[in-house]
Amino acid sequence: MDRRSFCRTTLSASIAAALPMLPGCEKQVPVAVKVDTAIRGISLSGAELELEKAAVRELGESMTGPVLLSGHPQYDSVRRVWNGMHDKRPALIARCMNSQDVSNAVTFAQERELLTAVRGGGHSWPGKSVCDDGIMIDLSLLNAVSVDPEVRRATAGGGALLYGLDSAALTHGLITTAGVVSHTGVGGFTLGGGFGRLNRKYGLAIDNLRSAEIVTADGKVRHISDDNEADLFWAIRGGGGNFGVVTAFEYQLHPFKRNLLSGNIVWPVAQARDVLEFYAEWYPGKSDELYVGPTMATMPDGTGIILMEVVYNDDPVAGEKELAPLRKIGKPMDDGVKMQDYLVMQTQQDAAFGHGVRSYIKNGMVKTITQELIDAMIESYVNDPRLALFTHTAGGAVKRVGEMDTAFPHRNAETMIIVGGGWLDPADDESVIAMSRERYQKLEPYTGGYYDNIDFDGAKAINNYGPVYERLSQIKGAYDPMNLFRLNSNIAPAT
Ligand SMILES: Cc1cc2nc3c(=O)[nH]c(=O)nc-3n(C[C@H](O)[C@H](O)[C@H](O)COP(=O)(O)OP(=O)(O)OC[C@H]3O[C@@H](n4cnc5c(N)ncnc54)[C@H](O)[C@@H]3O)c2cc1C
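Residues numbered from 1 in each chain as written. Predicted model: local features only at pLDDT ≥ 70, side-chain atom pairs only at ≥ 80, totals over all residues. Heavy atoms only, no water.

Enquirer: Please explain the overall build of the chain as it appears in this structure.
Expert: Summing up its helical and strand segments, the chain has 16 helices and 21 strands in all. Counting only C-alpha atoms and orienting by the principal axes, one finds that the chain spans roughly 70 × 50 × 45 Å. When contacts within the chain are restricted to residue pairs at least 6 apart in sequence, long-range pairs at least 24 apart make up 74% of them. When the accessible surface of the chain is totalled, it reaches about 18,900 Å², and 50% of it is carbon and sulfur. (Helix = DSSP H or I, 4+ residues; strand = E, 2+ residues; numbered from the N terminus. Contact = heavy atoms within 4.5 Å. Areas by Shrake-Rupley, 256 points an atom, 1.4 Å probe, with all protein chains shown as cover.)

Here is the structure:
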């Protein structure tokens, strides 16, 4: 069964119907650089730069992958990122195929203090992986995933996508935590933390990261782990793209039966209070094997729904037993929880979150789903297919890692609550963003900190990183004192 069929056959994958459908990504083909004119660039401080033709040509010749300039037939498709709100035009795009290419591109940028964007899977909500007039270091050709089943490890290129990681691991009866939309990049996803439907059992993606290959601002290729440059390895586990360009991630894998009890239970939104009140009382203390997360959305025909995503990662008989009370709540419109391939769940939202959708998002970390938060969730519901309220469930193994053990400090949260908007018409930008903000304002008082990886406005790194910020800033100062890697949730280098 192909990926599209997965989406179509999962009738209860109602989220997929709740946001507009758009075409998938295009296949990229390498081409050679051609430099005829001087190129205008922009520096890290915003000053205009002239990029010498000879130097750009030299960069192109030094790389295995191509360097693209405006006017090249592939330039527009490569500069495009997932969120259609961002339409930026880099001065040049270095399409890297190995760590030496990345090193050459980083050195080119660093020597000129050229504004630098690093593109993994291109799914940054605020569009941090592309810039106007700077260099885009594009990793999308560096996307291979290999698995060593003997030691249960997977190695993914810095531009690999989650589908590649999931499917390569599953081939060997193994898995690690990956996110819920399979065309997201492993790069940004992992560096920011990495939530997914298996995180209660296996922890976040960063908790499974065993080593990485990274090109730092000085152009050096480093192999980092707990045993080698441990400070830097600590920093990339939650500190985002601040510290360099990661060209390879090595993950721990776990034995896994891909056919598992999973699916969605859907109720009319009128039953949201019953469902959420039950969930808030019932879910805490459930096993790490059980992942259940609510979504409130509006179908394209205007039907309001509350949906629970379910994945039970163990013996289905035990899962049925644990899940039984939830299935008895109210009168579901649809109960799609059954034995099915894990990739059905992992791809069910791919089409709904198609490339090119215009999107805005806010989120906050929640320790307890209180009665007040439930009231706010219901009060903030808007009957509009362009808006939805999602959650990422945490707890379990995520919570058992110490606050300072990685650079992701929000370990005590049980849930992440997310308000998102997705639309197609640029004329709707202002109104949908305003509605999303208004909706989130009602929820924010019940949150503490947010997940940098899925926030649109997140410019408050210092507050949000809290207790780990000081150490991050020291490490940033040691490895990137000029703040070359600034297009991210930025950490100021300590001087
Ligand atoms: C549809 C959708 C679904 C999502 N679902 C989940 C989910 O289930 N769980 C979750 O935790 N998050 C989720 N996210 C958030 C996601 O993790 C972030 O948007 C993440 O930054 C995307 O990574 P990317 O490589 O695709 O993005 P990019 O836009 O390429 O990069 C994002 C940031 O990371 C940097 N970066 C990317 N790759 C590298 C690299 N190899 N080395 C150094 N820096 C790099 C970029 O410079 C940029 O600052 C989702 C996002 C979207 C749009």
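Enquirer: It is not clear to me how the pattern of salt bridges should be interpreted in this structure. Could you clarify?
Expert: Side-chain pairing between opposite charges can occur once the charged atoms of the two side chains come close. Applying the stated rule across the entire model yields 29 salt bridges. Close ionic contact of D76 with R89 constitutes a salt bridge, the shortest N to O distance being 3.6 Å. Of the two residues, D76 sits in helix α4 (residues 75-79) while R89 sits in the loop between α4 and β4 (92-95), which places them 13 residues apart along the sequence. For R89, a relative accessible area of 36% corresponds to the partly exposed category. Between D455 and K362 there is a salt bridge whose closest N-O contact spans 3.6 Å. Linking D455 in the loop between α14 (429-443) and α15 (461-465) with K362 in strand β19 (residues 358-366), this pair joins segments that are 93 residues apart in sequence. Note on D455: relative accessible area 5%, which makes it buried. A single network of salt bridges, built from pairs that share partners, joins D76, R79, D87 and R89. (Salt bridge = Lys/Arg side-chain N within 4 Å of Asp/Glu carboxyl O. Buried < 20%, exposed > 50% of the residue type's maximum accessible area, 1.4 Å probe, protein only.)

Enquirer: Can you help me understand the nonpolar core in this one?
Expert: Inside soluble globular proteins, nonpolar side chains tend to come together where they are buried. Counting 37 residues, the largest nonpolar core has V186, I236, F243 and L472 as the members making the most contacts within it. Looking at this core, the elements with two or more residues in it are β8 (153-157), α6 (162-170), α7 (186-192), β10 (209-215), α9 (230-236), β12 (245-252), α15 and α16 (469-479). For this core, the element with the most residues is α9, which contributes five residues. Apart from the residues lying within four places of it in its own chain, the contact partners of V186 are A156, G157, G158, A160, L161, L162, L165, F249 and Y251. Of all hydrophobic cores here, the second largest spans 34 residues; its members include W82, W125, V266 and Y451. (Core = buried A, V, L, I, M, F, W, Y, C linked by side-chain atoms within 4.5 Å.)

Enquirer: Just checking my understanding: could you explain the pairing of β19 for this structure?
Expert: The two faces of the sheet receive side chains in turn, since in a regular strand these alternate between them. In terms of burial, β19 is largely enclosed, as nine of its nine residues are buried. Residues R358, Y360, K362, G364 and V366 line one face of β19 and the alternating positions S359, I361, N363 and M365 line the opposite face, and both faces are buried. Summarising the sheet, β19 and strand β21 (residues 415-423) pair through nine bridges and their orientation is antiparallel. Its bridge partner being in β21, R358 is matched across the sheet by W423. (Pairing = 2+ DSSP bridges.)

Enquirer: Even after reading the chapter, I still don't get the domain arrangement of the chain, so can you show me in this structure?
Expert: Size of an interface, as often reported, equals the accessible area lost when the parts are brought together. When its domains are assigned, the chain resolves into domain 1 (3-20 + 259-454), domain 2 (39-138) and domain 3 (145-255 + 466-479). In this complex, domain 1 contributes 45 residues to the contact, which on the side of domain 3 involves 37 residues. Both faces considered, domain 1 and domain 3 share a buried interface measuring about 3,300 Å² in area, 57% of it formed by carbon and sulfur atoms. Of all residues in domain 1, Y342, Q346 and A407 give up the largest surface area on contact with domain 3, accounting jointly for 18% of the area buried on that side. In this structure, the connection of domain 1 to domain 3 is made through three salt bridges. (Domains from an automatic or database assignment. Buried area = accessible area lost by both parts, 1.4 Å probe.)

Enquirer: Can you walk me through the sheet that holds strand β5 (residues 116-119) in this structure?
Expert: Paired through their backbone hydrogen bonds, the strands of a sheet run either parallel or antiparallel. The strand order β3-β4-β6-β5 describes an open sheet built from four strands, whose pairing is mixed. Lying at the two open borders of the sheet, with one neighbouring strand each, are β3 (67-69) and β5. The average angle at which neighbouring strand axes cross in this sheet is 20 degrees, direction not considered. With three bridges connecting them, β3 and β4 associate as antiparallel partners. Bridge pairing in β4 links L68 to I93. Sitting on the sheet, helix α5 (residues 99-112) touches β4, β5 and β6 (135-138), and the angle it makes with β6 is about 165 degrees. (Axes fitted to C-alpha atoms, helices over the stretch in contact; angles between N-to-C directions.)

Enquirer: Honestly, the site of the ligand in this entry has me stumped. Any pointers?
Expert: Taken together, 35 residues lie near the ligand, and V118, G120, G122, S129 and Y451 sit nearest. For the ligand, an oxygen atom lies 2.9 Å from a polar atom in the backbone of H123. Separating a nitrogen atom of the ligand from a backbone N or O atom of V246 is a distance of 2.9 Å. Protein chains bury 97% of the 940 Å² of accessible surface belonging to the ligand in isolation. Residue assignment for the shell around the ligand shows that the elements contributing at least two residues are β5, α7 and β12. Among the elements that make up the shell around the ligand, the one with the highest residue count is α7 (four residues). Partitioned by chemical class, the residues of the shell around the ligand number 15 nonpolar, 18 polar and two charged. (Near = heavy atom within 4 Å. Polar contact = N/O pair within 3.5 Å; in protein donor to acceptor, adjacent residues only side chain to side chain. Nonpolar A, V, L, I, M, F, W, Y, C, P; charged D, E, K, R; others polar.)

Enquirer: Can you walk me through the side chain of D101 in this structure?
Expert: Looking at where D101 falls in the secondary structure, it is placed in helix α5. No salt bridge is formed by the buried D101. Its closest oppositely charged neighbour is R95, at 9.7 Å. Excluding residues that lie within four positions of it along the chain, D101 makes contacts with S62, M63, T64, G65, R95 and C96. (Lys, Arg positive; Asp, Glu negative; His and termini not counted.)

Enquirer: Would you mind going over the packing of helix α10 (residues 272-282) against helix α13 (residues 371-380) with me for this structure?
Expert: Between two packed helices, both the angle of their axes relative to each other and the distance between the axes serve to describe the pair. At their nearest, the axes of α10 and α13 sit 10 Å apart, and the two run at 150 degrees to each other. Comparing the axis directions of α10 and α13 gives the class roughly antiparallel. By crossing handedness, the relation of α10 to α13 is classed as right-handed. Here A272, R273, L276, E277 and A280 of α10 lie close against α13, whose contacting residues are Q371, I374, D375, M377 and I378. Grouping the constituent residues of the contact of α10 with α13 by class yields six nonpolar, one polar and three charged. (Parallel < 35°, antiparallel > 145°, perpendicular 65-115°, else oblique. Left-handed = near helix turned anticlockwise from the far one by under 90°.)

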